[in-house]
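Okay, here's what each chain looks like letter by letter:
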Amino acid sequence: MPEQFRGQPLDALLHSGGAVLYLELDGAGTVRRASPFTAQLLGRDPTGLGFRDVIVDFSNRIDPPELAAQGAGLHTLSISTWQGLPQDVRCCFVDIGDAVVVVGTIDADAQSNLQKQLLGLNRQLANLTRDLQKSNAELAQLNQLKTQFLGMASHDLRNPLNAVLSLAEIVLEEADTTLSADHARLLQQIIESGRYMQRILSDFLDVSVLESGRVKLDRQAVEIARLAERVVGSTEAAAQRKGIAVDLVLAEPLPAIAIDPVKVEQALTNLVTNAVEHSHPGSRVTVRVAGSETEVVLEVTDRGVGIPAEAIPELFTPFPRYRSPKTGGEKSTGLGLSIARGMVEAHGGRIGVQSQAGAGSVFTVVLPRPVP
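What you are looking at is a predicted structure, and each value in this text was computed from that prediction instead of being measured. (Residues numbered from 1 in each chain as written. Predicted model: local features only at pLDDT ≥ 70, side-chain atom pairs only at ≥ 80, totals over all residues. Heavy atoms only, no water.)

Participant: Any details on the pattern of salt bridges? Residues and values, ideally.
Facilitator: Per the counting criterion, the structure on display carries 9 salt bridges. With a closest N to O distance of 2.8 Å, arginine 33 and glutamate 24 form a salt bridge. The class of arginine 33 is partly exposed, set by a relative accessible area of 32%. The closest approach of N and O atoms between arginine 230 and glutamate 265, which form a salt bridge, is 3.1 Å. Of this pair, arginine 230 sits in helix α7 (residues 224-241) while glutamate 265 sits in helix α8 (residues 261-277), and the two are 35 residues apart along the sequence. Judged by its relative accessible area of 40%, arginine 230 falls in the partly exposed class. Sharing partners across several salt bridges, the network here consists of Glu24, Arg32, Arg33 and Asp98. (Salt bridge = Lys/Arg side-chain N within 4 Å of Asp/Glu carboxyl O. Buried < 20%, exposed > 50% of the residue type's maximum accessible area, 1.4 Å probe, protein only. Helix = DSSP H or I, 4+ residues; strand = E, 2+ residues; numbered from the N terminus.)

Here's what the structure looks like:
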């Protein structure tokens, strides 16, 4: 028994108001009595609990009757405290005939070491928190510089690129009869590559605006059905080249909605173009528009290659790691869906997708009305 308890009756230790651990266990190892300090450590009355509900015993080797039979040796045990941290206790096991009593006190040395370790961990945590805050600030600054660079580069490159395209188109048109077939083909490739670069620069500029939070909406009362018709018309040529039909299904009535028509048309065009590029030749893409008193819903459905479930969470982020294969080998910047999401969310709307690999996709845009 711990030295300070020697000679004291067990009942006196049970009712002591000091820091005395006292557990009285019946033959089944159930706690039938405990000291107030024990209940305080545990954060509850342990009466009725099993021994291993109180004592941490990962090895399952602590046997109270056996330890009591060995005599008055001291053992260091860990108590499962209410704080969630183990508390080391120096105690002994005493056989009182119909029960085993566990009596002891806090291991001061172990407690001191634990407190030192906790203080050390707190200092490490504080240092790591400061480092993390510094890293976050640096990342935010780098992200801002990246956004500014994208915007400046996209803007400054557009004028010379437009000049190159204009000159190439003039040469191709005016010198068509004097150019060899190979030269005309090469000039056409220059024009097509230039137009692709235009799309890249336009996407970069849109992303820089969205990420900077400087999106400005020119809201107007727009007939959403007419907007959808323009989008379908603008994508029909690319769809026809692949033998894909684009169907427009309009619900009635479709009242006007206050939106920025340019930005919503861009978002919907990105979705329809994406559907065409991922659809198999000879299939169909369906654009559905429906409205209610509170919202307008636009759906773009394709029967194309679909999207694996694991790729969907990052689908609307810039440059997602997974990109579904395009059935015609079309080029892509990987920014179209991210831009569509930004344009929709700028209106207070939401965008989502339901898809299955090999079975096509359904992209849904919901725009609120009346606009908040």
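Participant: Outline the sheet that holds strand β10 (residues 295-302), listing residues and values.
Facilitator: Sheet architecture is open: 5 strands sit in the order β7-β9-β10-β12-β11, paired in mixed fashion. Either end of the sheet is taken by a strand with one partner, and the two such strands are β7 (245-250) and β11 (350-355). Averaged over all pairs of adjacent strands, the angle between their axes in this sheet comes to 15 degrees, without regard to strand direction. Bridging between β7 and strand β9 (residues 284-291) involves 6 bridges; their strand directions are parallel. Bridge assignment links valine 246 to a residue of β9, and that residue is valine 285. (Pairing = 2+ DSSP bridges. Axes fitted to C-alpha atoms, helices over the stretch in contact; angles between N-to-C directions.)

Participant: Any details on the pairing of strand β1 (residues 21-25)? Residues and values, ideally.
Facilitator: With respect to burial, β1 is a largely interior element, 5 of its 5 residues being buried. For β1 and strand β5 (residues 100-106), the ladder comprises 5 bridges, and the chain directions are antiparallel. Residue pairing for β5: leucine 23 is matched across the bridge by valine 102. Pairing between β1 and strand β2 (residues 31-34): 3 bridges, direction antiparallel. Bridging across to β2, leucine 23 finds its partner in alanine 34. Here β1 folds back onto β2, and the loop between the two strands holds 5 residues, one of which, glycine 29, carries a positive phi near 80 degrees.

Participant: Please set out the environment of aspartate 218 residue by residue, giving values where relevant.
Facilitator: Within the fold, aspartate 218 resides in the loop between α6 (181-212) and β6 (220-222). Overall, aspartate 218 belongs to the partly exposed group, its relative accessible area being 46%. Discounting residues that sit within four places of it in the chain, aspartate 218 has contacts with Ile259, Asp260 and Pro261. Side-chain polar atoms of aspartate 218 contact the side chain of glutamine 220, separated by 3.2 Å. (Contact = heavy atoms within 4.5 Å. Polar contact = N/O pair within 3.5 Å; in protein donor to acceptor, adjacent residues only side chain to side chain.)

Participant: So, the side chain of aspartate 260: which residues are in play, and what are the values?
Facilitator: By the secondary structure assignment, aspartate 260 is in the loop between β8 (257-259) and α8. Among the polar contacts made by the side chain of aspartate 260, one reaches the main-chain amide nitrogen of aspartate 218 at a distance of 2.8 Å. A distance of 3.1 Å separates the side chain of aspartate 260 from the backbone nitrogen of valine 262, its partner in a polar contact. With residues near it in sequence (within four places) discarded, aspartate 260 still touches Lys216, Leu217, Asp218, Arg219 and His347.

Participant: Describe the environment of leucine 77, with residues and values.
Facilitator: By secondary structure assignment, the location of leucine 77 is in strand β3 (residues 75-80). Among residues more than four places away in sequence, those in contact with leucine 77 are Ile55, Ile62, Gln87, Asp88, Val89, Cys91 and Phe93.

Participant: So what's going on with the environment of glutamine 87? Which residues, and what values?
Facilitator: Its location among the elements puts glutamine 87 in strand β4 (residues 86-95). Each C-alpha atom of the pair glutamine 87 and leucine 77 lies 8.1 Å from the other, and the pair is 10 residues apart in sequence.

Participant: Summarise empty space enclosed by the protein; cite the residues concerned and give the values.
Facilitator: Scanning the entire structure with this criterion turns up 1 cavity of 30 Å³ or more. Approximately 50 Å³ is the volume attributed to the largest cavity. Lining the largest cavity are Val264, Ala267, Leu268, Leu298, Val344, Val365 and Leu367. When residues of the lining of the largest cavity are traced back to their parent elements, those giving at least two are α8 and β12 (361-368). Examining the composition of the lining of the largest cavity, we find that 3 residues originate from one element, α8, more than from any other. (1 Å grid on protein atoms, 1.4 Å probe; cavity = no way out; pocket = protein on both sides within 12 Å on 5 of 7 lines; lining within 4 Å. Points joined across faces, edges and corners; volume = space filled by probe spheres on them.)

Participant: If you had to explain the layout of surface pockets to someone new, which residues and values would you point to?
Facilitator: Considering only enclosed or pocket space, the largest pocket measures out at about 1400 Å³ in volume. Along its surface, the largest pocket is lined by 45 residues, and Arg199, Thr273, Glu277, Lys326 and Lys331 are the ones closest to its centre. Mapped onto the lining of the largest pocket, the elements with two or more residues apiece are α6, α7, α8, α9 (336-346) and β12. Per-element accounting of the lining of the largest pocket gives the leading share, 9 residues, to α6. Grouping the amino acids of the lining of the largest pocket by side-chain chemistry returns 12 nonpolar, 21 polar and 12 charged. (Nonpolar A, V, L, I, M, F, W, Y, C, P; charged D, E, K, R; others polar.)

Participant: Talk me through α9; I want residue IDs and the actual numbers.
Facilitator: Residues Leu337, Ser338, Ile339, Ala340, Gly342, Met343 and Val344 constitute the buried set of α9. The first or second residue beyond α9 is glycine 348, which carries a positive phi of 80 degrees.

Participant: Quick rundown of the pairing of β9? Include the residues and the values.
Facilitator: Consecutive side chains of a regular strand alternate in pointing toward one face of the sheet and then the other. Pairing analysis gives 7 bridges linking β9 to β10, with the strands arranged antiparallel. Its bridge partner being in β10, valine 285 is matched across the sheet by aspartate 302. If you look at the hairpin formed by β9 and β10, you'll find 3 residues sitting between the two strands.

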